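# Observations on the three-dimensional arrangement
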Amino acid sequence: MNQTKIGIDAGGTLVKVAYRESSSIVYQTFPSQAIYDAVSWLNDSFLNPIVCITGGKSQLLAEKLTAPAKTIVEFDATNRGVHFLAGQQRDAIENNFMFVNIGTGTSIHYAKDMEQQRVGGTGIGGGTLMGLAYLLTGLWDYERIVQLASNGDRGNVDLKVKDIFEGALPPISGELTASNFGKKESMMARNPSESDILAAIIGMIGEVIVTVSSQMAFQHNVGSIIYFGSSLRSNPLLRDIIKEYTRLAGKEPVFLKNGEYSGAVGALLSLD
Ligand SMILES: Nc1ncnc2c1ncn2[C@@H]1O[C@H](COP(=O)(O)OP(=O)(O)OP(=O)(O)O)[C@@H](O)[C@H]1O
Ligand SMILES: [Mg+2]
């Protein structure tokens, strides 16, 4: 029997696993906090697997596995996975593009000729959503947070350009956010709902990420920005904001199917 090849991306929040079964790739996720669940599952499910681990917690995980595991640099693994997944979903992927990994934090990369260069990042990411959501609403369950956010109205929290230019014609689109969380007067008159607050947090995160990423796309003269990471999971609101703002910046947003597994897939491919 062939030994199973397993690629793992042990990130700050989630451990992502990708392994081959017949001709397809199977995906699995565990919370990094409960790393022993991932360890037990891996030790119990596979006999003498061939393992490659990437991500900030790769060393921690490798020490706990029964099987020997090699570790690889996260940015290279992610780059490889991104090219593979992008190649699967588009007929012709451009030779150069930006890719943005919205994990616990956000990392921004310029890809050209199959190579990547990390050109920047921001601490505003999925961890910011979890932390601010907890502070402002007491909620901590990811699925609950994104589900509630989808019914929220950012208009009760964020100040739009048109709110400032009351009645007058603004020099830029009145629909743009003038100040995230800036509608203090109206919030003092009527408290926004949990859903409104959560939607505003997601809005702020999406807008910051696009602002930084699109600036870098201009600097590197590329047209497409590929976004991925578990923060986009079950999160249509974040996708929509990113899509809209990226197009406003004149760039083309691309979302990768199974993109949150880019690192794990890259680690898996490095075993071939
Ligand atoms: N089941 C879940 N539990 C917790 N967070 C989740 C879950 N599903 C999606 N998320 C979101 O995804 C984010 C983590 O994304 P991802 O798995 O890409 O990051 P990571 O690889 O763990 O972190 P990093 O790459 O920054 O070390 C969380 O901060 C949260 O916003
Ligand atoms: Mg990650």
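See the structure printed just above.
This text gives an overview of the structure that appears in the document. (Residues numbered from 1 in each chain as written. Chains lettered and ligands numbered in written order. Predicted model: local features only at pLDDT ≥ 70, side-chain atom pairs only at ≥ 80, totals over all residues. Heavy atoms only, no water.)

Turning to the packing of aromatic side chains, a few remarks are in order. Following the criterion strictly, the structure yields seven aromatic pairs and no others. Ring centres of Phe 99 and Phe 228 lie 5.9 Å apart, and the angle between their planes is 40°; on these two criteria the pair is classed as tilted. One end of the pair, Phe 99, is in strand E6 (residues 96-102); the other, Phe 228, is in strand E11 (residues 224-228), with 129 residues separating them in the sequence. Of the aromatic side chains, those joined through ring pairs into one cluster are Tyr 19, Phe 30, Trp 41 and Phe 46. Directly above the aromatic system of Phe 218 lies the positively charged group of Lys 251, at a separation of 4.2 Å from the ring centroid. (Phe/Tyr/Trp six-rings, centres within 6.5 Å; stacked < 30°, edge-to-face > 60°. Helix = DSSP H or I, 4+ residues; strand = E, 2+ residues; numbered from the N terminus. Lys NZ or Arg CZ within 6 Å of the ring centre and 35° of its normal.)

Once that is clear, we can look at the site of ligand 1. Around ligand 1 sit 17 residues in total, of which Gly 12, Thr 13, Lys 16, Thr 104 and Ser 230 are the nearest. Residue Ser 230 places a side-chain N or O atom 2.7 Å away from an oxygen atom belonging to ligand 1. One nitrogen or oxygen atom from the main chain of Ser 231 is found 3.3 Å from an oxygen atom belonging to ligand 1. For ligand 1, whose unbound accessible area comes to 650 Å², protein coverage reaches 83%. (Near = heavy atom within 4 Å. Polar contact = N/O pair within 3.5 Å; in protein donor to acceptor, adjacent residues only side chain to side chain. Areas by Shrake-Rupley, 256 points an atom, 1.4 Å probe, with all protein chains shown as cover.)

Attention now moves to the packing of helix H8 (residues 194-219) against helix H9 (residues 236-248). Direction vectors running N to C along H8 and H9 enclose 40°, while the axes themselves pass 9 Å from each other. When you trace H8 past H9, the crossing you get is right-handed. On H9, the residues touching Ala 199, Ile 202, Gly 203, Gly 206, Glu 207 and Val 210 of H8 are Leu 237, Leu 238, Ile 241, Ile 242, Tyr 245 and Thr 246. Of the residues that constitute the contact of H8 with H9, the class distribution is eight nonpolar, three polar and one charged. (Axes fitted to C-alpha atoms, helices over the stretch in contact; angles between N-to-C directions. Left-handed = near helix turned anticlockwise from the far one by under 90°. Contact = heavy atoms within 4.5 Å. Nonpolar A, V, L, I, M, F, W, Y, C, P; charged D, E, K, R; others polar.)

Another point: a nonpolar patch on the surface. A cluster of nonpolar residues, Tyr 134, Leu 135, Leu 136 and Trp 140, forms a patch on the protein surface that exposes about 540 Å² of accessible area. By the element assignment, Tyr 134 lies in helix H4 (residues 126-137). (Patch = residues over 30% accessible without salt bridge, like charges linked within 9 Å, V, L, I, M, F, W, Y side chains within 5 Å. Salt bridge = Lys/Arg side-chain N within 4 Å of Asp/Glu carboxyl O.)

Functional significance is not addressed by these values, which are geometric in nature.
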